[in-house]
Amino acid sequence: MNSDIAHVKQNFEKDLKKITSIEELNLLNIAYLGRKGRVNEVLLSIKDVPKEKRKIFGESVNTLKFFIQKSIDLKRGIILQKKDREHYIDPTLPGLPYPHGSLHIVTYAIEEISQIFERLGFIRMSYREVEWEYFSFESLNMPKDHPARDDFETFFIDFPPHKEYGKMVLTPHTSSGQVREMIRSKKPPIKMINIAKTYRPNWDATHVPMFHQFEGLCIDSGINITNLKGTIEYFARSFFGNNREIRLRPFHFQFTEPSFEVDVTCDICQGTGKVKNLKCKVCKSGWLELGGAGMVHPNVLREGRIDPKKYSGWAFGFGIERVFMMKQGLNVDDIRILYSGDIRFLEQF
Ligand code: PHE
């Protein structure tokens, strides 16, 4: 019978060694000390023990019970202590930085551009993304079927056309805000910066179907090309840096006369086109193209109910994604990354 006691003790010690969690320990407790546990099993065998040895036997079972109880309590303490250590927090350590969001880079660029023109007294507008053909084309001296419209590939919206204004489109440029602003403000002087979304059906490494433009429009008496050049130069120096030069290159737009393309000197080669006697890889010529500009065509002024004999004006339209990448000196192979939502790209700015 005493060998039973020794046997249970031995097994218990073996089992206890394998225990690693409180849950397992609770089960072990039941298995040995529970009502139907091993210890009680041994105790029940007391009836087979000769009477005179029963007292001793009872005491031995009690010792065993006491031993098991103690061992389990001890083990419980060890497990809890270990758990505590694993969950220990050192309150004196500096915290981990909390991830914080930011605005999209195009939003930052829009803010900066608006501020630059606000300093010159331009009024910030945001004309329509969904437009009538009239404001995107006819009002800009591009009558129906005029080939110049081909330069502005356009999304048409499946909607009944307007009696006067024609089909509904996603505006392909911010110039559609020109005549709207002339009509809204009724009378010069007009100084507007229209910043809005524009759309053209292109999707490749250098085009996204939705992009942004900012359009300057200035109309008053005696406004000339010098004012245009001065304003763009002010923008270029404020946005890109004080050392920048701009130039106007003759071009053609239906809605301006004369028309220009505007270039700004490249920052990498300082406008020389060369880096250590090699052709500058970024601009190849010393100049980077900003966008289109020109003196507002008399027909466009007339559409805006402004007398071209009394007033003159200029306009320009530049792409925001484009100027942003130029400012950063970014030479990304694929402009679509701007809209991919890839946080690893976006969080750099
Ligand atoms: N709207 C023209 C474009 O998107 C740019 C432009 C604006 C040209 C204003 C002249 C005057 O290409």
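Residues numbered from 1 in each chain as written. Predicted model: local features only at pLDDT ≥ 70, side-chain atom pairs only at ≥ 80, totals over all residues. Heavy atoms only, no water.

Examining the sheet that holds strand E12 (residues 312-319)
The strand order E1-E5-E6-E12-E11-E8-E7 describes an open sheet built from 7 strands, whose pairing is mixed. Two strands bound the open sheet, and with one partner strand each, they are strand E1 (123-125) and strand E7 (246-253). Ignoring which end each strand starts from, the neighbouring axes of this sheet average 25° apart. In the sheet, strand E11 (residues 287-296) pairs with E12 via 5 bridges, with the strands oriented antiparallel. Looking at E12, one finds that Ala293 is bridged to Phe316. Helix H7 (residues 177-185) contacts E1, strand E5 (190-199), strand E6 (210-220), E11 and E12 of the sheet and is inclined by roughly 140° relative to E5. (Pairing = 2+ DSSP bridges. Helix = DSSP H or I, 4+ residues; strand = E, 2+ residues; numbered from the N terminus. Axes fitted to C-alpha atoms, helices over the stretch in contact; angles between N-to-C directions. Contact = heavy atoms within 4.5 Å.)

Some words on the nonpolar core
With 43 residues, the main nonpolar core has Phe214 and Phe316 as its most contacted residues. Here this core takes 7 residues from helix H5 (residues 105-119), the largest share from any one element. Core analysis: the next-biggest nonpolar cluster, separate from the first, contains 25 residues, Met142, Val296, Val300 and Tyr311 among them. (Core = buried A, V, L, I, M, F, W, Y, C linked by side-chain atoms within 4.5 Å. Buried < 20%, exposed > 50% of the residue type's maximum accessible area, 1.4 Å probe, protein only.)

Quick word on the domain arrangement of the protein
Its domain assignment divides the protein into domain 1 (2-81) and domain 2 (105-126 + 188-346). Each of domain 1 and domain 2 has a C-alpha centre, and these two points are 87 Å apart. (Domains from an automatic or database assignment.)

Details of the environment of Met192
With respect to the secondary-structure elements, Met192 resides in strand E5. Along the primary structure Met192 and Arg128 are separated by 64 residues, whereas in three dimensions their C-alpha atoms are 14 Å apart.

Points about the packing of H5 against helix H10 (residues 320-328)
Here H5 crosses H10 at 90°, and the two axes come no closer than 10 Å. By the angle between their axes, H5 is roughly perpendicular relative to H10. Residue-level contacts link Ile105, Val106, Ala109, Ile110, Glu112 and Ile113 of H5 to Ile320, Glu321, Val323, Phe324 and Lys327 of H10. Partitioned by chemical class, the residues of the contact of H5 with H10 number 8 nonpolar, no polar and 3 charged. (Parallel < 35°, antiparallel > 145°, perpendicular 65-115°, else oblique. Nonpolar A, V, L, I, M, F, W, Y, C, P; charged D, E, K, R; others polar.)

Observations regarding the sheet that holds strand E3 (residues 155-156)
The strand order E2-E4-E3 describes an open sheet built from 3 strands, whose pairing is antiparallel. The sheet is open, and its two borders are formed by strand E2 (130-132) and E3, each paired with just one other strand. In this structure, E2 lies alongside strand E4 (residues 168-170), joined through 3 bridges in antiparallel fashion. In the sheet register, Trp132 faces E4, and the bridge partner there is Met168.

A closer look at H5
A rise of 1.5 Å per residue sets the reference length of H5, with its 15 residues, at 21 Å; its end C-alpha atoms lie 22 Å apart and thus fit the reference within 8%. Among the residues of H5, Ile105, Val106, Ala109, Ile110, Ile113, Ser114, Ile116 and Phe117 are the ones counted as buried. Across the axial projection of H5, the buried residues extend over an arc of 165°, all falling on one side. At the exit of H5 stands Gly121, carrying a positive phi of roughly 85°. (Expected span 1.5 Å × (residues − 1). Arc of directions from axis to C-beta.)

Here's the deal with the UniProt feature "domain: Aminoacyl-transfer RNA synthetases class-II family profile" (unreviewed entry) in the protein
Here, the residues flagged by UniProt with the feature "domain: Aminoacyl-transfer RNA synthetases class-II family profile" (unreviewed entry) are residues 113-326. Along residues 113-326 the backbone is 23% helical and 34% strand, and the end-to-end C-alpha distance reaches 14 Å. (UniProt positions renumbered as here; feature names shortened; annotations may be inferred.)

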